[in-house]
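# Examination of the molecular architecture
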Amino acid sequence: MDMNATPADTLVPTLAKLRAAWLVNRPDYAQRHDDLKRLRAALKDRLEPMVKAISADFGHRSRHESMLGEGMTVFSEIDHMLSHLKSWMKPQRRAAGWRMWPAKAEVRYVPLGVVGVIAPWNYPVNLALTPLATAIAAGNHVYLKPSEHTPRTSEFLAALLADVFPDDRVAVALGGADVGSAFAGLPFDHLLFTGSTAVGRKVMASAAPNLTPVTLELGGKSPVFVGEAVPFAKAITRMVTGKLYNAGQTCIAPDYAFVPLARRDEFVQAVCSEVASRYKQIDANPDYTHIVNEGQYRRLRGLLDDARGRGLDVVTLVEPEDAAKAEADRLLPPTLVLDPGDDSKIMQEEIFGPILPIKTYTTPDEAIAYINAHDRPLAFYCFSNDKAETEKMLSNIVAGGVCVNETLFHNVCNDLPFGGVGASGMGHYHGHDGFLTFSKAMPVLHQASMPLTDRLKPPYKGLANTVVKLFTR
Ligand code: NAD
């Protein structure tokens with residue numbers, strides 16, 4: 001139990017306070033713009049403490065990965081919002097249609113009220129502050145529940161937000177699953193949850209009695225398809241970056257790779273060389289991130305034990321020099337598992353660690369059939385230099401997001417919606433799509449002084465009959 005957990009009986013009054021303040025003072029453009037700027041400046045001032053807090057929570061987290069995966073991503077989203085917010089907020093003229101002539105129609109993008117945000121531990125600053133900033137941009141107040149597994153970072157976030165926002169505009173609830181569960185049951189105007197598919201199901205059930213709309217940013221097994229003739233060098237560089245960033249603890253990390261059967265050994269060899277060129281050793285290597293906690297470390301070791309127990313080839317790409325210390329430090333080497341079947345545990349759950357199963361195909365149709373026979377992935381990565389092959393993959397696979405000849409970076413394009421599909425989630429955020437998620441698109445009809453519709457009343461005769469005839473012609 002987290003010592004600093006927010007008692008459940010303070011959740012309801014805190015939400016009431018956020019809502020009461022929002023009802024009397026909905027943030028206008030100037031307020032939202034100012035809030036985003038102050039949030040950006042406060043995080044910019046505290047990048048070093050942020051890096052330290054996350055690293056302490058992970059045992060060790062690469063500084064560069066924190067600067068890019070947390071700092072850069074939050075800044076790029078906020079900068080994009082600052083540039084576009086005014087135009088996003090503008091009411092949009094719509095056609096009222098000739099039957100409504102001469103009325104005018106528009107859509108106004110109005111804030112919803114109070115948005116709840118539940119965040120995971122893997123990118124604990126980005127996945128708390130990006131949804132929070134987007135909800136603020138849309139004019140809402142926000143109640144945030146960060147992860148209990150990164151307690152120092154959660155304290156860091158609570159202190160940062162308390163300095164930037166009054167406590168009736170943004171509040172933070174600290175605590176574990178019990179607090180999370182009570183939090184998801186609050187009558188928010190919208191709830192954005194980022195975390196596992198299993199907990200996502202619970203969150204949706206908790207939100208249902210209040211009819212709280214949910215955006216669920218979940219996980220899953222994101223495949224890589226390596227085309228039949230693609231040159232390996234670039235494909236492998238980008239795939240390894242996606243896999244080993246944050247030691248694989250990334251929702252959109254490549255989970256497993258499909259490679260042409262005839263080129264499998266060449267592929268494995270090239271991955272070995274690529275990893276060796278990045279990490280001469282992993283012990284005390286500042287660039288290699290540790291596994292966040294003992295539970296995750298044991299789970300990952302369990303996946304490898306299961307694979308070995310089935311007689312699969314398990315290839316450790318960089319052996320730790322001090323195995324006992326590596327274990328104590330939760331340092332898991334980059335590892336390949338060759339040709340696992342669906343009976344192996346590693347193909348049954350999201351890996352979320354630096355392990356890459358390699359499967360083979362003889363025709364791309366086999367890869368398509370396999371992917372389509374499983375849950376819809378959060379990301380799909382297609383490496384190919386053949387247009388027809390790429391088109392075939394894109395038109396036969398439904399995924400939360402796709403990169404062609406790249407991994408991860410669709411997440412950093414502010415103008416692309418981000419979100420899963422099926423078991424990997426529902427709804428979108430980032431950029432304009434996030435603004436829309438946290439807004440009500442409120443249609444408004446402005447009636448004119450003498451519309452034809454005034455004639456549509458009993459007794460239906462004379463002009464009413466003419467109008468009915470006209471409207472139903
Ligand atoms: P998790 O689901 O265990 O926890 C996420 C958050 O939910 C935490 O704050 C936790 O306290 C809270 N929680 C726990 N039980 C709850 C309940 N019953 N009701 C409400 N909230 C509850 O996830 P995690 O282990 O922190 O994160 C890893 C998972 O998140 C992976 O599956 C990963 O793929 C996924 N993820 C998805 C994205 C995305 O953008 N789609 C991003 C990062 C991580």
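The present account deals with the structure reproduced in this document.

## Topic: the overall build of the chain
- From N to C terminus, the chain includes 16 helices and 16 strands.
- Referenced to the eigenvectors of the C-alpha coordinate spread, the extents of the chain come out at roughly 90 × 55 × 40 Å.
- The proportion of buried residues among the 473 residues of the chain is 54%.
- Long-range pairs, those at least 24 residues apart, make up 74% of the contacts in the chain with a sequence separation of at least 6.
- Carbon and sulfur atoms make up 57% of the accessible area of the chain, which amounts to about 20400 Å² in all.
- When the 50 positive and 52 negative side-chain charges of the chain are each reduced to one mean point, those points stand 12 Å apart.

## A few points about the sheet that holds strand 11 (residues 335-338)
- Read across the sheet, seven strands follow the order 10-11-12-9-8-13-14 without closing on themselves; strand pairing throughout is mixed. Edge positions in the open sheet fall to strand 10 (313-316) and strand 14 (401-404), since each of these has one partner strand only. The mean angle between the axes of side-by-side strands here comes to 20 degrees, regardless of whether they run parallel or antiparallel.
- The pairing of strand 8 (residues 222-226) with strand 9 (residues 254-260) spans four bridges and is parallel. By the bridge assignment for strand 9, Phe225 is matched with Phe258.

## Some remarks on the site of the ligand
- Of all residues adjacent to the ligand, which total 30 residues, the nearest are Lys145, Glu148, Ser196, Leu218 and Glu350.
- Lys145 is positioned such that a nitrogen or oxygen atom in its side chain is 2.7 Å from an oxygen atom of the ligand.
- Within the contact set of the ligand, an oxygen atom lies 2.6 Å away from a side-chain nitrogen or oxygen of Glu148.
- Coverage of the ligand by the protein amounts to 92% of the 850 Å² it exposes when considered alone.
- Here the ligand occupies the largest pocket.
- Sorting the residues of the shell around the ligand by element identifies helix 7 (177-184), strand 6 (190-194) and helix 8 (197-207) as the ones contributing at least two each.
- A per-element tally of the shell around the ligand places helix 7 first, with four residues.
- Residue composition of the shell around the ligand, grouped by class: 16 nonpolar, nine polar and five charged.

Reading the values: the criteria
- Residues numbered from 1 in each chain as written.
- Predicted model: local features only at pLDDT ≥ 70, side-chain atom pairs only at ≥ 80, totals over all residues.
- Heavy atoms only, no water.
- Helix = DSSP H or I, 4+ residues; strand = E, 2+ residues; numbered from the N terminus.
- Buried < 20%, exposed > 50% of the residue type's maximum accessible area, 1.4 Å probe, protein only.
- Contact = heavy atoms within 4.5 Å.
- Areas by Shrake-Rupley, 256 points an atom, 1.4 Å probe, with all protein chains shown as cover.
- Lys, Arg positive; Asp, Glu negative; His and termini not counted.
- Charge placed at Lys NZ, Arg CZ, Asp CG, Glu CD.
- Pairing = 2+ DSSP bridges.
- Axes fitted to C-alpha atoms, helices over the stretch in contact; angles between N-to-C directions.
- Near = heavy atom within 4 Å.
- Polar contact = N/O pair within 3.5 Å; in protein donor to acceptor, adjacent residues only side chain to side chain.
- 1 Å grid on protein atoms, 1.4 Å probe; cavity = no way out; pocket = protein on both sides within 12 Å on 5 of 7 lines; lining within 4 Å.
- Sits in = over half its atoms within 2 Å of the grid points.
- Nonpolar A, V, L, I, M, F, W, Y, C, P; charged D, E, K, R; others polar.

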